[in-house]
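# Coordinates in review
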Amino acid sequence: MPAEDINARAWQIYGQRQLTRAYTPPVPARLGWTPWEGIGPGAEVLGDVTGRRVLDIGSGAGHHAVHLAQAHRARVTGIELAATRHERAVGAHADVAGVEFIQADVTEYLAGAESFDAAYAIGTLAFIDPHRSLPALRDGLCPGAPLILSLLHTDLHGRGPSMEVAPREQTILLRDDTPLPTQMWVLAPQLWEDLLTEYGFGVEAIDLYPHPDESATVIQQLIRARRLRPAGASPADAVAPERPPPTRPSAPARSCSPSRASR
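So, here is what we can say about the structure in this document. Computed from a predicted model, the values in this text were never measured in an experiment.

On to the overall build of the protein chain. A count of helical and extended segments in the protein chain gives 7 helices and 9 strands. Once local pairs closer than 6 in sequence are excluded, the contacts in the protein chain between residues at least 24 apart make up 68%.

As structure tokens, then:
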């Protein structure tokens, strides 16, 4: 079975288990990029998102999207592939102003969506082939828009990151239930930077956050990137690239005003 199909099945089962338990995670008081409370930055890495269209990739139960809408007045679209996880979000937060939840594949959704002013993924983009997700995100973001990714640096078995773009077997650990097999792209920071650059992003920073328990081996990486301006756009339309231009052509962003794209 293809890696992404394995992952889709795992998250569908995971969402059903959470529905059965009637569990909904609380809306956080602060946006966190690591699994450990208080470790790492907050929503400020997205910049000022007031009134802006923000994409939550793999939004799950929707609690992060709700936080951004309520605490930072963003207009958030939570995109989730697993129908059961989408159901959890809608069931708990359907009436929250400034948030919409979409059940779809993110790459297919972005092909026809209005461009976003920012996008982020907390632990979710590693379940999608980057050769499929990154070009879709490039074409679905306004020039200059931030893309913030929280990803594993070491995997759940303590193995270091891979230097090839290939998934490796992982599991979703569940309390009092059978672990779910998945396939994850656990890649070295330099490889993520190379991929992002290839697909039209400038990487601004990659930070590593080790587990607060020094005996643990898990390390999380936080990647701050920005969608570069497409070929032919005026300099005012985007932030100037700090990395070499992408080697593949990028499609022009849709419905991006100069005032938004230049921030």
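On we go.
Scanning all chains against the criterion turns up 4 aromatic pairs. Seen in terms of ring centroids, W33 and Y120 are 5.8 Å apart; in terms of plane orientation they differ by 85°. Their pairing is edge-to-face. In this pair, W33 is assigned in the loop between α1 (3–21) and β1 (53–57) and Y120 in strand β4 (residues 118–122), connecting sequence segments 87 residues apart. Judged on exposure class, the residue W33 and its partner Y120 are both buried. Judged by centre distance (6.4 Å) and plane angle (50°), the rings of Y109 and F116 are tilted. For the pair Y109 and F116, one class covers both residues: buried. Taken together, the aromatic side chains of W11, Y14 and F127 make up a single cluster linked through ring pairs. If you follow R21 out to its NZ or CZ, it ends over the ring of Y23, 5.5 Å from the centre. One Lys or Arg, R53, reaches over the ring of F116 and ends 4.0 Å from the middle of that ring.

With that settled, the discussion passes to the pairing of β4. Burial runs high along β4: 4 of the 5 residues are buried. Summarising the sheet, β1 and β4 pair through 3 bridges and their orientation is parallel. Bridge pairing in β4 links D56 to Y120. In terms of strand pairing, β4 meets strand β5 (residues 146–152) through 4 bridges, oriented parallel.

A word on the pattern of salt bridges. Evaluation of the coordinates by the stated rule reveals 9 salt bridges. Residue R132 pairs with D105 through a salt bridge whose shortest N-O separation is 2.9 Å. Here D105 lies in the loop between β3 (99–103) and α4 (106–110) and R132 lies in helix α5 (residues 130–140), a separation of 27 residues in the sequence. Several salt bridges share partner residues, and in doing so they unite E4, D105 and R132 into one network.

With 8 of 11 residues buried, α5 is to be regarded as a mostly interior element. For α5, the complete set of buried residues consists of P130, S133, L134, P135, A136, L137, R138 and G140. Of the residues flanking the start of α5, the one acting as N-cap is D129, its side-chain oxygen 2.9 Å from the backbone nitrogen of H131.

The phi dihedral of A22 falls on the positive side, at around 55°, and the residue is not glycine. Within the fold, A22 resides in the loop between α1 and β1. Judged by relative accessible area, A22 falls into the exposed class, the value being 69%. Phi at R73 takes a positive value of approximately 55°, unusual for a residue other than glycine.

Turning next to the packing of α1 against helix α3 (residues 83–93). At a minimum axis separation of 6 Å, α1 and α3 run at an interaxial angle of 40°. The angle between α1 and α3 falls in the class oblique. Contacts from W11, Q12, Y14, G15, Q16, Q18 and L19 of α1 reach α3 at A83, T84, R85, E87 and R88. For the contact of α1 with α3, a count of residues per class yields 4 nonpolar, 5 polar and 3 charged.

The rules behind these values
Residues numbered from 1 in each chain as written. Predicted model: local features only at pLDDT ≥ 70, side-chain atom pairs only at ≥ 80, totals over all residues. Heavy atoms only, no water. Helix = DSSP H or I, 4+ residues; strand = E, 2+ residues; numbered from the N terminus. Contact = heavy atoms within 4.5 Å. Phe/Tyr/Trp six-rings, centres within 6.5 Å; stacked < 30°, edge-to-face > 60°. Buried < 20%, exposed > 50% of the residue type's maximum accessible area, 1.4 Å probe, protein only. Lys NZ or Arg CZ within 6 Å of the ring centre and 35° of its normal. Pairing = 2+ DSSP bridges. Salt bridge = Lys/Arg side-chain N within 4 Å of Asp/Glu carboxyl O. Polar contact = N/O pair within 3.5 Å; in protein donor to acceptor, adjacent residues only side chain to side chain. Axes fitted to C-alpha atoms, helices over the stretch in contact; angles between N-to-C directions. Parallel < 35°, antiparallel > 145°, perpendicular 65-115°, else oblique. Nonpolar A, V, L, I, M, F, W, Y, C, P; charged D, E, K, R; others polar.

Coordinates in, geometry out; function isn't part of it.
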